[in-house]
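# Survey of secondary and tertiary structure
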Amino acid sequence: STSTAVEHTVPPVEVYTSTSVKQSYSSVVKQNNNPTKQTQQQLFKFRQSLVAAVYIDQQEKNRSASSFIISGLPTSTVHSDKAIANDMCIHEFNVQIEVVSTKRLGKPDTSLLSATKIQPLLVTVKDADQAKLIISSARQLRQSEVAHVRANVFINPKLTKAEASAASLTENVKYDFMCSHVN
């Protein structure tokens, strides 16, 4: 082959290693091109970790697909959050949903101003199609007959940590762009 002919015609360049043993240039390159067993194990572990991270993110995304967040929906001492979310969907969107679970997000505000701070409500429904329907209908809340709902209640998709981070970065880039082009 051509590379063999080149090796024979070019005199070997000697390289001194830390132990002062002479080695040819080609043997040093050959050693550096063959990853050690430890490096191969590190690469294997890295690949495994990467695949696991992608798989976990996909599972989280699938779970999040059947969830949405309602902001501005006050709590009730009479009705459960499940009942409140279900009733709102029936009255505002004329859609019956099957709520699997609800959870208030964040820490409850126990100060005197707690009436003004409403914890967002995470709603998980039976299937992703129900969640998509509610999220896509969310703009209808701006035409609600109930003044509080019209002014204060918003519905957004539940994002995975990776999606939320990406959305935040996108918003920061947009903000920086807008600020730099104001004048």
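Bear in mind the structure is a predicted one, so any value in this text is a computation, not a measurement.

### Observations concerning the overall build of the protein
- Check the secondary structure of the protein and you find seven helices and six strands.
- Tracing the protein from N to C terminus, the helices and strands come up as α-β-β-α-α-β-α-β-β-α-α-β-α.
- Burial statistics for the protein: of 183 residues in total, 20% are counted as buried.
- For the protein, contacts bridging at least 24 residues in sequence account for 58% of all contacts bridging at least 6.
- If you sum the accessible surface of the protein, you get close to 13900 Å²; carbon and sulfur atoms cover 58% of it.

### Examining helix H4 (residues 81-93)
- Under the 1.5 Å per step criterion, the end-to-end length of H4 is 17 Å for 13 residues, consistent within 8% with the ideal 18 Å.
- Taken residue by residue, H4 has Asp81, Ile84, Ala85, Asn86, Met88, Cys89, Glu92 and Phe93 as its buried positions.
- Of the surrounding secondary structure, the elements contacted by the buried residues of H4 are strand S3 (67-71), strand S4 (99-104), strand S5 (121-125), helix H5 (128-136), helix H6 (147-152) and strand S6 (154-157).
- A positive backbone phi angle near 55 degrees is found at Asn94, which sits one or two residues after H4.

### Thoughts on the environment of Lys158
- Tracing the backbone shows Lys158 in the loop between S6 and helix H7 (161-180).
- Distance in space between the C-alpha atoms of Lys158 and Ser64 is 5.5 Å, their sequence separation being 94 residues.

### Remarks on unusual backbone geometry
- Although it is not a glycine, Asn94 adopts a positive phi angle of roughly 55 degrees.
- Positionally, Asn94 belongs in the loop between H4 and S4.
- Among the residues examined, Asn94 registers a relative accessible area of 70% and is labelled exposed.

### Digging into the side chain of Thr124
- Within the secondary structure, Thr124 is located in strand S5.
- For Thr124, a relative accessible area of 19% translates into the label buried.
- At 3.1 Å, the side chain of Thr124 forms a polar contact with the side chain of Ser67.
- Apart from residues no more than four positions distant in its own chain, Thr124 is found in contact with Ser66, Ser67, Glu98, Val99, Val100 and Ser101.

Calculation rules
Residues numbered from 1 in each chain as written. Predicted model: local features only at pLDDT ≥ 70, side-chain atom pairs only at ≥ 80, totals over all residues. Heavy atoms only, no water. Helix = DSSP H or I, 4+ residues; strand = E, 2+ residues; numbered from the N terminus. Buried < 20%, exposed > 50% of the residue type's maximum accessible area, 1.4 Å probe, protein only. Contact = heavy atoms within 4.5 Å. Areas by Shrake-Rupley, 256 points an atom, 1.4 Å probe, with all protein chains shown as cover. Expected span 1.5 Å × (residues − 1). Polar contact = N/O pair within 3.5 Å; in protein donor to acceptor, adjacent residues only side chain to side chain.

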